[in-house]
Amino acid sequence: MKFESTVTQIQADNIDTDQIIPARFLKTISKDGLGDQLFFDWRYNADGSPKADFILNTEKAKASKVLFAGDNFGCGSSREHAPWALTQYGFQAVVSTSFADIFKQNSLKNRLLPLVVSKEVHQQLREALEANPDLQVSVDVEPQTFTWPGGPAVTFTIDAFAKHCLLAGVDEIGYVLQHEADIAAYEAKRFSTLNTLVG
Amino acid sequence: MPSKPRTIIEKVWDNHIVAEREGAPSLLFIDLHLVHEVTSPQAFSGLRQRGVKVRRPDLTFCTVDHSTPTTPRSLPIVDPIAATQVAQLEKNAQEFGIPYFGFQNRDQGIVHVIGPENGLTQPGMTVVCGDSHTATHGAFGALAFGIGTSEVEMVLAAQTLLQKKSKSYEVRVEGTLKPGVTAKDIILALCAKIGIGGGTGCVFEYTGSAIRALSMEERMTVCNMSIEAGARAGLVAPDEKTFEYLKGRRFAPKGEKWDEAVAKWKELVTDEGATYDHSITIDADSLEPMITFGTNPGMGMAISANVPDPANVTDSLERESLRKALVYMGLEAGQPIAGQKIDVVFVGSCTNSRMSDLRAAAGVLKGRKVSPSVRTMIVPGSQEIKRQAEAEGLDQIFKDAGAEWREAGCSMCIAMNGDQLTPGQYSVSTSNRNFEGRQGKGGRTFLASPQTAAASAIMGVVTDVRTLA
Ligand code: SF4
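A. A look at the overall build of chain A. Looking only at helices and strands, one finds nine helices and eight strands in chain A. Dimensions along the principal axes, computed over C-alpha positions, put chain A at roughly 65 × 45 × 25 Å. A burial count over chain A gives 55% of its 199 residues as buried. Within chain A, counting contacts between residues at least 6 apart in sequence, those at least 24 apart form 63% of the total.

Structure follows, in structure tokens:
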């Protein structure tokens, strides 16, 4: 997983999943069509027309793969619709100083990289973007680097297993199902003594 | 050799490890998987694509709550998309052989209300649900946390979850709550103190005399909002109150099995000498009724306080967040929150929709009238609670006061079912999130206890229940 991209900034702390995708769009039984609903209430007017000044409605953002936001991104609900909407819009990474736990897990399962940077790097990137809004950043998961021309050499941390899954395209559910013998052994040990819920 | 002292969090974790492989997260067994209509359809589709069955339908339980109307059950679901979603869960439950409380079932209710109510939730269990307020079940000493839809599919398929161990965080609450101060105020105070990201990566254990003094329902209120302080889970070690609550419930162990279970559950305490990664102490005596003023649950304060001024915040991003929040909320820096006009009061949600919450609201509303300018909605957490409240005559108190008495569901907590604020409206809500638009696009939410909500309904403005004549 390696790409270059311009950067789309939504600089607010604590962007919650109700902003990323409002609850009323969760009535769907599929994963489709969520990209257009990303940040819906910030993005569209009451009559449904796009707000021209909202960043996600610009052509530049639509071509961008990196969303750059404030601290504690993705807090709130467990809805996986949030990373579905972000990836359907076209993002492959979100850069922030921290992520909410469930959002982070959900993102990794959908090939959306939650890229954590320090406060200093966050500030440096903001300044670099101020100087050059068209700045191109490079993300490379294998060496865990996040760089831009004239910027610091940033290496980010990522859990080794998550990295392996991203790079090798591992299907985690398939991986877990390979543990059939372990699961059966555990069940045999545990449920010989405990009642089950029904029956 | 004496084993190393462990926290209850570590004990529950250790009891559920199925496998540990070098370079991978632990494989954790899940004892109870609760499923609702909103976060599961894509997971069931995934199972079909894989040609995989649900491994343990006997450890899985479905109900509908989120997009479910709270209008009389004799009426059909008007919203066709919601109706499809509700029908889809019913179909999935039948096809995969999972027990199910459907829309018309007499025991339907909010997923985090029906689990404990039916004795599904038990001490020492691992409990998951595609819902971030799964932490509610931690009140029983269970390790309970929210998961995403891919993880729902994983648990359906394998009854296990790939998990990395969280850090432990002791939240000690010592002392005695003053009259008018509730469990909700404890958790709102915690959110205000450590912020909504304060518990990220952690599981809380709530300890201390003020927690021990809480009823099971109150403990559920506290654990419920652990996620609002960033923690994935929060729990309270079980004690006699826990066992008392569970005894005789539908799915609780019976007879000899009950005695065996209680003996096991009694081991679920944090050992003397065990250490936590983080800890904080809250003084219960000094707590006031709390209310939020902003657009996340960490933006809370004592109800007698004034709205903070962004000018006093040093961090630029934080200052900007607060400024934006006040603009959204239409509040002035420095204004008192008490006396702020409101349009709606919502008593409900998995945080505060149980009998004790309804009794608290009824206690304030009895013999009084809600302000004619306020729409007051009382939404019980389950059909069982609804019946019980009606048997006690609470519904009559609510109706006499001019409040609406509705059917069970999430309702205006998440505004997916038609119960919602209109743009600009203010509400005092007993739910758990005040994010922009959470209760309806453009709606503005003050989170508070049922007592505060009821007092505010009467006065038509944000009101400290202790000032009610
Ligand atoms: S009541 Fe609200 S927080 Fe609780 S499960 Fe329903 S939507 Fe989620």
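Right, picking up where we left off after that structure.
B. A look at the overall build of chain B. If you tally the helices and strands in chain B, you get 15 helices and 19 strands. Taken over C-alpha atoms, the radius of gyration comes to 22 Å for chain B, in line with the 23 Å a tight globule of 469 residues would show. Over its C-alpha atoms, taken along the principal directions, chain B stretches across nearly 60 × 55 × 45 Å. Sequence-distant contacts in chain B: of pairs separated by 6 or more residues, those separated by 24 or more amount to 76%. Accessible area for chain B stands at about 15,600 Å²; split by element, carbon and sulfur atoms hold 51% of it.

C. The arrangement of the interface of chain B and chain A in detail. Of the residues lining the interface, 74 residues belong to chain B; the matching set on chain A comes to 61 residues. Of the roughly 5,700 Å² buried at the junction of chain B and chain A (both faces included), carbon and sulfur atoms supply 58%. Interface area lost by chain B to chain A is led by Q42, L317 and K441 of chain B, which between them contribute 11%. Our count for the chain B to chain A interface comes out at twelve salt bridges. Among the ionic pairs, D79 of chain B bridges to K27 of chain A, the shortest N-O distance being 2.5 Å. The tally of links between chain B and chain A comes to 26 residue pairs in polar contact (both at pLDDT 80 or more). Of all elements in the fold, only β1 (17-19), β2 (26-29), α2 (41-50), α3 (80-96), α5 (149-158), β8 (160-163), α10 (255-265) and α11 (316-329) of chain B reach the threshold of two or more residues within the side of chain B that touches chain A. For the side of chain B that touches chain A, the residue count by class is 31 nonpolar, 22 polar and 21 charged.

D. Spatial organisation of the site of the ligand. All names here are of chain B. Every residue lining the ligand is accounted for by H66, I110, H112, D131, H133, S349, C350, C410, C413, I414, N432 and R438. Here the residues of the shell around the ligand are counted per class, giving five nonpolar, five polar and two charged. There are two domains that each give the shell around the ligand at least three residues, and those are domain 1 (8-163) and domain 3 (290-467).

E. Main features of the sheet that holds strand β1 (residues 2-5) of chain A. Residue and element names in this part refer to chain A. What the four strands build is an open sheet, ordered β1-β6-β7-β8; its pairing is antiparallel. In the strand order of this sheet, the two ends are held by β1 and β8 (154-155), each with one partner. Judged from the four bridges that link them, β1 and strand β6 (residues 137-140) form a sheet pairing that is antiparallel. By the bridge assignment, S5 is partnered in β6 with V137.

F. Summary view of the pattern of salt bridges. In this structure the tally under the stated criterion is 45 salt bridges over all chains. Measuring nitrogen to oxygen at the nearest pair gives 3.8 Å for the salt bridge that ties K441 of chain B to D41 of chain A. Taken as a pair, K441 of chain B in the loop between β18 (426-429) and β19 (444-447) and D41 of chain A in helix α2 (residues 40-43) lie in two separate chains rather than in one. For K441 of chain B, a relative accessible area of 28% corresponds to the partly exposed category. Residue classification places D41 of chain A among the buried positions, given a relative accessible area of 14%.

G. Broad picture of the domain arrangement of chain A. Residue and element names in this part refer to chain A. Here chain A is partitioned into domain 1 (2-158) and domain 2 (159-194). A C-alpha centroid distance of 30 Å is found between domain 1 and domain 2. With nine residues of domain 1 at the interface, the matching set in domain 2 holds nine residues. Where domain 1 abuts domain 2, roughly 770 Å² becomes buried across the two surfaces, and 61% of that area is made up of carbon and sulfur atoms. Our count for the contact surface shared by domain 1 and domain 2 stands at one salt bridge. The salt bridge partner of K109 is E172, with a shortest N-O separation of 3.5 Å. Linking domain 1 with domain 2 are five residue pairs in polar contact (both at pLDDT 80 or more), by the criterion used here. For the side of domain 1 that touches domain 2, the class distribution of residues is four nonpolar, two polar and three charged.

H. Highlighting the packing of helix α6 (residues 183-194) of chain B against helix α8 (residues 216-224) of chain B. All names here are of chain B. Axis separation between α6 and α8 bottoms out at 8 Å; the angle between their running directions is 20 degrees. Classed by the angle they form, the pair α6 and α8 counts as roughly parallel. Between α6 and α8 lies a crossing whose hand is right-handed. Within the contact between the two elements, α6 uses A183, K184 and I187 and α8 uses E218, T221 and V222. Among the residues forming the contact of α6 with α8, the class breakdown is three nonpolar, one polar and two charged.

I. Layout of the domain arrangement of chain B. All names here are of chain B. Split into domains, chain B comes out as domain 1 (8-163), domain 2 (167-286) and domain 3 (290-467). Using only C-alpha atoms to locate each centre, domain 1 and domain 2 end up separated by 22 Å. Each partner contributes residues to the interface: domain 1 has 32 residues there, and domain 2 has 33 residues. Viewed at the interface, domain 2 and domain 1 are joined by three salt bridges.

Basis of the calculations
Residues numbered from 1 in each chain as written. Chains lettered and ligands numbered in written order. Predicted model: local features only at pLDDT ≥ 70, side-chain atom pairs only at ≥ 80, totals over all residues. Heavy atoms only, no water. Helix = DSSP H or I, 4+ residues; strand = E, 2+ residues; numbered from the N terminus. Buried < 20%, exposed > 50% of the residue type's maximum accessible area, 1.4 Å probe, protein only. Contact = heavy atoms within 4.5 Å. Rg over C-alpha atoms; globule rule 2.2 N^0.38 Å. Areas by Shrake-Rupley, 256 points an atom, 1.4 Å probe, with all protein chains shown as cover. Buried area = accessible area lost by both parts, 1.4 Å probe. Salt bridge = Lys/Arg side-chain N within 4 Å of Asp/Glu carboxyl O. Polar contact = N/O pair within 3.5 Å; in protein donor to acceptor, adjacent residues only side chain to side chain. Nonpolar A, V, L, I, M, F, W, Y, C, P; charged D, E, K, R; others polar. Near = heavy atom within 4 Å. Domains from an automatic or database assignment. Pairing = 2+ DSSP bridges. Axes fitted to C-alpha atoms, helices over the stretch in contact; angles between N-to-C directions. Parallel < 35°, antiparallel > 145°, perpendicular 65-115°, else oblique. Left-handed = near helix turned anticlockwise from the far one by under 90°.

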